[in-house]
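# Breakdown of the fold
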Amino acid sequence: MIEVKSLSKRFGKFLVLNELNLHLRSGECIALIGPNGCGKTTLIKSILGMVVPTGGDILFQKKSILKDIEYRKKIGYMPQIGRYPENMTIGQIFDMVKSIRNVEYKLDEDLYHQFEIEKILHKTMNTLSGGTTQKVSAALAFLFDPEVLILDEPTAGLDPLSSEILKDKVLKEKAKGKLILITSHLLSELDDMVSEIIFMQEGEILFHQEVGVLTKETGMDRISKAIVHILKKR
Amino acid sequence: MRRILKYVIIDIIKNKIVVFYTILIALFAWSAFGLEDNASKGLLTLLNIILFVVPLFSVLFSTIYIYNSSEFVELLVSQPIKRNKIWNSLFAGLSISLSVSFLIGAGIPLLVYAEPRKALMMIVVGVFVTLIFISLAFFSSILSRDKARGIGYSILLWLYFALLFDGLVLFLMFQLNDYPIEKMMVMISALSPIDLSRILMLLELDVSAMLGYTGAIFKQFFGTSLGLVLTFFLLLLWIVVPYVISLRKFRVKDL
């Protein structure tokens, strides 16, 4: 589905991504983890075309994304910190994104209803709390029933109930055979969701492994323990 | 692009400053004509006000608006939409709203008081100056991520074109007045859109005699239809070049 080929990104003197190679297959729910500032968000933003890579290429369904925009129709993105035009209301944001995407098939309004967004459509974005903004981001990401979902720290800031709703939705979409890429620092909540783990450090990939193999090799039952085990061994 | 443009324009209109700007220009224009008994004098007064206020407001408002739209841009960039379209919509939105403000504020009194040809020329010049300084705002706001720095660049650009450039030209004239520099002055004036617009209007108003011998050279050059076409071409370059530079930088900008 998505192939990353020797991708590099440099911000000034600072090398954020160093010759990354990855292959993300559909039907997998992949956790992208690593310490702060290891380049997770930069990698995600490169896939989305928000950051222009210094070197290398990214293929989406075997087509390079560098000169293309159509592939973004197939991606739903939930940013870590959703930044929205402050004077627009939630309703306007939804209308605008819908009119840009301009899709004819039925929209996936599960989260939209479960988060009760229809009740707060008139609120402007600058009056929203961090959690409500996250709900808007999540509802927008899932709205167009995309083949790929990219969730950057999805549950940070969400209350426990909403966080559960989101997790259930992720599992449901995973069962449909979609590719889901999640970054998170809360390893404990990844256990029941993810099928593969990518661990990044200082702009490089330390390992990319299936969860089953990982837990078997380390003899640990939980992802968090397995990762701590591996990191200690190195 | 039209879909995004709609939201940009709604956003600018909701921001009531543009309405105040329209009222301010209207006040200047009506009082310039009301206080002078002679329409030509009124035009001259208005010209000086327009060449001072319009660039300042256009460049500052646009720069701040572009910085404040960073969230809007960020939201759109991850959607299936070309970056060119996002940047063009912002430019078109600002251009349309500020030009309409100018047309309502200054256009109506101009058409009421001044001769149609002169009024039309003044309106065209005003719209050009508006677009040029919006374009310069795009240029200075892409140079830096830092809002304060970007606004600083805009203020410096305006200071340079509105005040410093004239000073430099005067300085050159005094220093080199032993040499035949009149032809050179024509070239130099092309380096400032405000001066170009001023010369264009002064020639149109038939007061170039005020500029002395240089004025005669100007008339010889800009007074012809070729000169007129060339002047508008130069003004057009002042819109296109800064904007295209900013567009190229925006296409590869990391958000």
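Source: prediction; values computed, not measured.

### Comments concerning the overall build of chain B
- When helices and strands are counted, chain B shows 11 helices and zero strands.
- Counting from the amino terminus, chain B carries its helices and strands in the arrangement α-α-α-α-α-α-α-α-α-α-α.
- Here the C-alpha coordinates of chain B stretch approximately 60 × 40 × 30 Å along the principal axes.
- Excluding contacts between residues fewer than 6 apart, the proportion of contacts in chain B whose partners are at least 24 apart in sequence is 76%.

### Points about the interface of chain A and chain B
- Chain A puts 19 residues into the contact, and the matching count from chain B is 17 residues.
- With five residues, the single largest contributor to the side of chain A that touches chain B is helix H2 (residues 90-101) of chain A.
- A breakdown of the residues in the side of chain A that touches chain B according to their chemical character gives 11 nonpolar, two polar and six charged.

### Quick look at the sheet that holds strand S6 (residues 75-78) of chain A
All names here are of chain A.
- Within the open sheet, the six strands sit side by side as S6-S7-S8-S3-S9-S10. Their pairing is mixed. Two strands lie at the open edges of the sheet, namely S6 and strand S10 (204-210), each paired on one side alone. Along the sheet, successive strands turn relative to each other by an average axial angle of 15 degrees, direction set aside.
- Sheet topology note: the strand S3 (residues 29-33)/strand S9 (residues 196-201) ladder contains four bridges and is parallel. Counterpart to isoleucine 30 in the pairing with S9 is glutamate 196.
- In the packing of helix H6 (residues 211-218) onto the sheet, the strands contacted are S9 and S10, and the crossing angle to S10 comes to about 95 degrees.

### Re the sheet that holds strand S1 (residues 2-11) of chain A
Residues and elements named next belong to chain A.
- Taking strand neighbours across the sheet as the criterion, the four strands line up as S2-S1-S4-S5 in an open arrangement whose pairing is antiparallel. Because the sheet does not close on itself, it has two edges, and the strands there are strand S2 (14-24) and strand S5 (63-64).
- Relative to strand S4 (residues 55-60), S1 is paired through five bridges, and the arrangement is antiparallel. From the neighbouring strand, lysine 5 faces S4, where its bridge partner is aspartate 57.

### Quick look at the nonpolar core
- Counting residues in each nonpolar core, the largest one holds 132 residues, and the members touching the most others are Ile30, Ala139 and Ile150 of chain A together with Ile132 of chain B.
- Among the elements that make up this core, the one with the highest residue count is helix H6 (residues 116-143) of chain B (15 residues).
- Not counting residues up to four positions away in its chain, the partners in contact with isoleucine 30 of chain A are Leu24, Ile180, Leu181, Val194, Glu196 and Ile198 of chain A.

### Digging into the pairing of S9 of chain A
Residues and elements named next belong to chain A.
- Where S9 and S10 come together, six bridges link them in antiparallel fashion. Bridge pairing links phenylalanine 199 to phenylalanine 207 in S10.
- If you look at the hairpin formed by S9 and S10, you'll find two residues sitting between the two strands, and glutamate 202 has a positive phi there, around 45 degrees.

### Here we look at the environment of isoleucine 245 of chain B
- The topology assignment puts isoleucine 245 of chain B in helix H11 (residues 225-251).
- C-alpha of isoleucine 245 of chain B to C-alpha of phenylalanine 139 of chain B: the two residues are 106 residues apart in sequence and 6.9 Å apart in space.

### Overview of helix H1 (residues 40-48) of chain A
All names here are of chain A.
- Counting buried residues in H1 gives nine out of nine residues, a clear majority hidden from the surface.
- All buried positions along H1 are accounted for by Lys40, Thr41, Thr42, Leu43, Ile44, Lys45, Ser46, Ile47 and Leu48.
- Directly after H1, the chain includes glycine 49, whose backbone phi takes a positive value near 80 degrees.

Cut-offs applied
- Residues numbered from 1 in each chain as written.
- Chains lettered and ligands numbered in written order.
- Predicted model: local features only at pLDDT ≥ 70, side-chain atom pairs only at ≥ 80, totals over all residues.
- Helix = DSSP H or I, 4+ residues; strand = E, 2+ residues; numbered from the N terminus.
- Contact = placed C-beta atoms within 7 Å.
- Nonpolar A, V, L, I, M, F, W, Y, C, P; charged D, E, K, R; others polar.
- Pairing = 2+ DSSP bridges.
- Axes fitted to C-alpha atoms, helices over the stretch in contact; angles between N-to-C directions.
- Core = buried A, V, L, I, M, F, W, Y, C linked by C-beta atoms within 7 Å.
- Buried ≥ 20, exposed ≤ 12 C-beta atoms within 10 Å, placed from the backbone.

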